[in-house]
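The chain contents come next:
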Amino acid sequence: MTKLVSLKLASLALALSAGAALAGPGAAGHHDGEVAYGKPGDPKKPARLVQVSMGEKDGKMHFIPNRIEIRRGEQVKFQLRNNGEMDHELVLATLEENLKHAIEMQKNPDMEHDDPNAKRLAPKKTGEIVWAFTKAGQFDFSCLIPGHREAGMTGTIIVK
């Protein structure tokens with residue numbers, strides 16, 4: 001095995017262990033119970049379908065739509081599609097939690113999300129998040145891959 005391959009494998013192992021250390025309730029992007037913006041949905045129950053595409057164009061990154069209105073108590077199935085040429089993710093949280101988690105992502109840029117409130121997708125891939133919005137308020141969804149939120153990959157969820 002070449003030194004470069006060994007170094008990459010060691011880096012991957014370190015990133016995975018760091019990601020595992022950050023996993024669990026309390027860190028944005030890793031929620032299994034009820035939090036300020038709701039709780040994981042039940043895929044067996046009816047849900048409103050909301051399609052969200054991710055991508056990049058002209059030096060900007062985006063979610064379409066980037067503003068979603070939801071009724072309190074509504075369960076939503078977000079159908080996600082990465083139409084871009086780069087990996088993107090959607091992390092649903094409060095704005096404060098996402099900004100805090102973005103700092104952690106700067107330290108661990110290879111941390112991948114596949115949590116009840118977050119999903120990372122490779123280019124041209126799809127995924128879904130089912131979420132029950134149990135509380136009213138204004139919440140955030142962002143791509144926390146370093147540089148993506150800053151390039152415009154953020155959105156707002158208004159729960160009335």
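In this report, we go over the structure that sits alongside the text. Everything numeric here is computed off the predicted structure, so don't read it as measured data.

1. Considering the nonpolar core
Here's step 1: Of all hydrophobic cores here, the largest spans 27 residues; its most connected members are Phe-78, Leu-90, Phe-133 and Ile-157.
Here's step 2: Elements that contribute at least two residues to this core include exactly strand S2 (48-57), strand S3 (60-64), strand S4 (67-70), strand S5 (75-82), strand S6 (88-93), strand S9 (126-132), strand S10 (137-142) and strand S11 (154-159).
Here's step 3: Dropping the residues within four chain positions of it, Phe-78 is found in contact with Val-50, Val-52, Ile-68, Ile-70, Gly-127, Glu-128, Ile-129, Trp-131, Phe-133 and Ile-157.
Here's step 4: One finds Val-91, Ala-102, Met-105 and Met-111 within the second-largest nonpolar core, a separate group that totals six residues.

2. Structural notes on the pattern of salt bridges
Here's step 1: With the rule as written, the count across this model stands at nine salt bridges.
Here's step 2: Close ionic contact of Lys-160 with Glu-69 constitutes a salt bridge, the shortest N to O distance being 3.2 Å. Of this pair, Lys-160 sits in the segment after S11 while Glu-69 sits in strand S4, placing them 91 residues apart in sequence.
Here's step 3: Taking relative accessible area as the criterion, Glu-69 reaches 38% and is therefore assigned partly exposed.
Here's step 4: Here Glu-74 ties to Arg-71 by a salt bridge, and the two come within 3.3 Å at their closest N and O atoms.
Here's step 5: Salt bridges sharing common partners tie together Arg-48, Arg-71 and Glu-74.

3. Brief notes about the environment of Ile-145
Here's step 1: Structurally, the position occupied by Ile-145 is in the loop between S10 and S11.
Here's step 2: Residues Ile-145 and Asn-108 lie 37 residues apart in sequence; the distance between their C-alpha atoms is 9.4 Å.
Here's step 3: Excluding residues within four positions of it along the chain, Ile-145 makes contact with Asp-87, His-88, Glu-89, Met-105 and Arg-120.

4. Topic: unusual backbone geometry
Here's step 1: In the segment running from Ile-64 into Pro-65, the intervening peptide bond is cis, with an omega of -5°.
Here's step 2: With respect to the secondary-structure elements, Pro-65 resides in the loop between S3 and S4.
Here's step 3: Its identity is not glycine, yet Asp-58 carries a phi of approximately 55°, on the positive side.
Here's step 4: Of note, Asp-58 is situated in the loop between S2 and S3.
Here's step 5: When its relative accessible area of 71% is taken as the criterion, Asp-58 is described as exposed.
Here's step 6: Non-glycine residue Lys-124 carries a positive phi angle of around 70°.
Here's step 7: Position of Lys-124 relative to the elements: it lies in the loop between strand S8 (118-121) and S9.

Conventions and cut-offs
- Residues numbered from 1 in each chain as written.
- Predicted model: local features only at pLDDT ≥ 70, side-chain atom pairs only at ≥ 80, totals over all residues.
- Heavy atoms only, no water.
- Core = buried A, V, L, I, M, F, W, Y, C linked by side-chain atoms within 4.5 Å.
- Buried < 20%, exposed > 50% of the residue type's maximum accessible area, 1.4 Å probe, protein only.
- Helix = DSSP H or I, 4+ residues; strand = E, 2+ residues; numbered from the N terminus.
- Contact = heavy atoms within 4.5 Å.
- Salt bridge = Lys/Arg side-chain N within 4 Å of Asp/Glu carboxyl O.

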